[in-house]
Each structure stands twice: as structure tokens, then as C-alpha cells.
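Read off the chains here:
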Amino acid sequence: QVQLVESGGGLVQPGGSLRLSCAASISLFSIYIMGWYRQAPGKQRELVARITSGGSTNYADSVKGRFTISRDNAKNTVYLQMNSLRPEDTAVYYCNANRVKDYWGQGTQVTVSS
């Protein structure tokens, strides 16, 4: 079983930055893929970024060059650094862990507005 605890969401102005954190209850080496997803009202949940146990990363086209996913294995924590935020980034952001099956965090609200 994997438990995920998210933090770091909030309200920021366009062009601002936030760093989301996702703390996992087990070693990240035991998880094939960690990812961040987001869901805006009326839209489907979409992949934002993901990182494998080997360190490979990929990103949605809409966030490339602005967001960075990283991990701290000692803390069993994955981060999403979000820079140059735009109003269209507003969504609930969810941490995801894939091992034998998918696990999800509770979600954290990110609102980008002036």
C-alpha cells in the first residue's frame, strides 16, 4: 500500500511560481512511476509530468520549459516546480504513484489569478 501526502498548493499571480510536494509512504525506488496530474472543472484529468524510478522524465507540451519534476529519494518525496504560471494552469493537482496499481493523493488546489 502506498499513501501520498501533497502540499504546496495555493493562490499565485500570473507569472508566479509554486512548488508542490508529494511525500510517499514507501521508497521511491519501489515505485515505477511518480507523476503529477491536474484536473480543471469540467475537464478530464490530464498528465502534467512524470518521473520514473530511473530518473527519466516527461512533460505535457503545455508545461514544457516551465515545470520541472524532481525527486528526493532520502525523503521519499517528489516535487513539481512550477514557474511562469498562467491562468490556464489553474486546477486541482494530484500526485500519482504507480507500482502494482495506481495510487492517488487527495489533490491540492492551484489557482493562478490576478
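Structure first, text after, so check above.
About the cut-offs
Residues numbered from 1 in each chain as written. Predicted model: local features only at pLDDT ≥ 70, side-chain atom pairs only at ≥ 80, totals over all residues. Heavy atoms only, no water. Disulfide = S-S within 2.5 Å. Helix = DSSP H or I, 4+ residues; strand = E, 2+ residues; numbered from the N terminus. Buried < 20%, exposed > 50% of the residue type's maximum accessible area, 1.4 Å probe, protein only. Contact = heavy atoms within 4.5 Å. 1 Å grid on protein atoms, 1.4 Å probe; cavity = no way out; pocket = protein on both sides within 12 Å on 5 of 7 lines; lining within 4 Å. Points joined across faces, edges and corners; volume = space filled by probe spheres on them. Nonpolar A, V, L, I, M, F, W, Y, C, P; charged D, E, K, R; others polar. Pairing = 2+ DSSP bridges.

**Describing the state of the cysteines**
Thought 1: According to the stated counting rule, one finds 1 disulfide in the structure shown.
Thought 2: A sulfur-sulfur separation of 1.9 Å characterises the disulfide bridge that pairs Cys-22 with Cys-95. Handedness of the Cys-22-Cys-95 disulfide follows from its S-S torsion of about -80°: it is left-handed. Taken together, the positions of Cys-22 in strand 3 (residues 18-24) and Cys-95 in strand 9 (residues 91-98) put the pair 73 residues apart, joining distant regions of the chain. Accessibility assignment for this pair places Cys-22 and Cys-95 in one class, buried.

**Digging into the environment of Cys-95**
Thought 1: Look at Cys-95 and you get buried, because its relative accessible area is 1%.
Thought 2: Spatially, the C-alpha atoms of Cys-95 and Trp-36 are 4.8 Å apart, while their sequence positions differ by 59 residues.
Thought 3: Beyond its immediate stretch of four places on either side in the chain, Cys-95 contacts Leu-4, Glu-6, Cys-22, Met-34, Gly-35, Trp-36, Tyr-103, Trp-104 and Gly-105.

**Description of empty space enclosed by the protein**
Thought 1: What the rule picks out here adds up to 1 cavity of 30 Å³ or more.
Thought 2: Quantified by volume, the largest cavity comes out at close to 30 Å³.
Thought 3: Contributing to the lining of the largest cavity are Leu-28, Ile-31, Met-34, Ile-51, Thr-52, Ser-53, Arg-71 and Val-78.
Thought 4: Looking at the lining of the largest cavity, its residues break down into 5 nonpolar, 2 polar and 1 charged.

**Quick word on the pairing of strand 9**
Remember that side chains alternate between the two faces of the sheet whenever the strand is regular.
Thought 1: Most of strand 9 sits out of view: 6 of its 8 residues are buried.
Thought 2: Pairing analysis gives 7 bridges linking strand 4 (residues 33-39) to strand 9, with the strands arranged antiparallel. Along strand 9, the bridge assignment pairs Gly-35 with Asn-96.
Thought 3: Note: strand 9 against strand 11 (residues 108-112), 3 bridges, orientation antiparallel. For Val-92, the partnering residue across the bridge sits in strand 11 and is Gln-109.

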